[in-house]
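Geometric and topological summary
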Amino acid sequence: MPINVLVTGAAGKMGRAVVKAVTEADGMRVVAAVDPGYADSNPPTDAGTLAGVGEIGVSIDSNLVAALRRAGPDVTVDFTRPNVVMGNLRKVLAEGAAAVVGTTGLSEADLAELERLCDDNDTSCFVAPNFAIGAVLMMQFAQTAARFMPDVEIIEMHHNQKLDAPSGTALRTAELAAAARIGASTDRTEKETLQGARGGDLEGIKIHSVRLPGFVASQAVIFGGQGQTLTIRHDTLDRSSFMPGVVLAIRNVQSLPGLTVGLEKLML
């Protein structure tokens, strides 16, 4: 039997890419699509037509709970906004569906709540800061490098419509590097003549966020050592780069109990 998928944020750029990827993948199909902002201000629209894959017989809906109960999806995929994602997931998990989450901006408290909701409803949730295989490899390489070159800073660059800063990928990279590094330089005194010039700070690792038109998503992890620097960089040139990871998560989320964070868990 195919995996039945509901896509939230289906009219957005990432949502359309998910609809297309699921429709074209073997063994899965889109059975519902939800995007209140789009559905409430447009005539009935087929999600497949909007995604450029032709009609699939699924109109974009405005009511998530109604769509969940009507379509009975096995898995939902959420690429929405930081201010609505938790509300969506509470409804999804309460209905017993599994969830794949690409929306960033989730806090540690949010993740703890998702873990409880999975346990309470005997379902599963998969959260990834980044679904691009190359970005996951970048994070893993950075974690290894931090063991040997503990002085590191991160510059992440995204399109100017991204609402959260720093990105989930940058935060995850900093967490992995911070856990791995030993002996970072601490013998310096800094003064910011312009507040914020040195970026955000996660466990001593500086993170700098750039938001400009023209970017999709890029990140450079820069290590400094005696007489040398090392830069590990990943560039997302098109949103299609995320889709193999999304499809991989859809295929596996139901077999992963509770909450799972990070695409690397599926790449071992």
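Let me begin by describing the structure that accompanies this report. Computed from a predicted model, the values in this text were never measured in an experiment.

Another aspect to go through is the packing of helix α5 (residues 85–94) against helix α6 (residues 108–121). The axes of two packed helices give the description: the angle between them and the distance between them. Between α5 and α6, the least distance of the axes is 9 Å, while the angle of their chain directions is 15 degrees. As the angle between them shows, α5 and α6 are arranged roughly parallel. Where α5 crosses over α6, the handedness of that crossing is right-handed. The residues of α6 that touch α5, namely those facing Met86, Leu89, Arg90, Leu93 and Ala94, are Asp110, Glu113, Leu114, Leu117, Cys118 and Asn121. For the contact of α5 with α6, a count of residues per class yields seven nonpolar, one polar and three charged.

Time to look at the pairing of strand β10 (residues 217–225). Two elements, strand β7 (residues 151–158) and β10, share eight bridges in a ladder whose sense is antiparallel. Directly across from Asp151, in β10, lies its bridge partner Gly224. The pairing of β10 with strand β11 (residues 228–236) spans nine bridges and is antiparallel. What sits directly across from Gly225, in β11, is Gln228. Linking two consecutive strands that pair antiparallel, namely β10 and β11, is a turn of two residues; a positive phi of about 70 degrees is found at Gly227 within it.

Our focus in this paragraph is unusual backbone geometry. In this structure, the amide linkage connecting Ala165 to the following residue, Pro166, adopts the cis form with an omega of 0 degrees. Of note, Pro166 is situated in the loop between β7 and α8 (168–180). A positive phi angle is found at Glu203, which is not glycine, with a value near 50 degrees. Mapped onto the elements, Glu203 comes out in the loop between β8 (200–202) and β9 (205–211). Overall, Glu203 belongs to the exposed group, its relative accessible area being 59%.

Rules and cut-offs
- Residues numbered from 1 in each chain as written.
- Predicted model: local features only at pLDDT ≥ 70, side-chain atom pairs only at ≥ 80, totals over all residues.
- Heavy atoms only, no water.
- Axes fitted to C-alpha atoms, helices over the stretch in contact; angles between N-to-C directions.
- Helix = DSSP H or I, 4+ residues; strand = E, 2+ residues; numbered from the N terminus.
- Parallel < 35°, antiparallel > 145°, perpendicular 65-115°, else oblique.
- Left-handed = near helix turned anticlockwise from the far one by under 90°.
- Contact = heavy atoms within 4.5 Å.
- Nonpolar A, V, L, I, M, F, W, Y, C, P; charged D, E, K, R; others polar.
- Pairing = 2+ DSSP bridges.
- Buried < 20%, exposed > 50% of the residue type's maximum accessible area, 1.4 Å probe, protein only.

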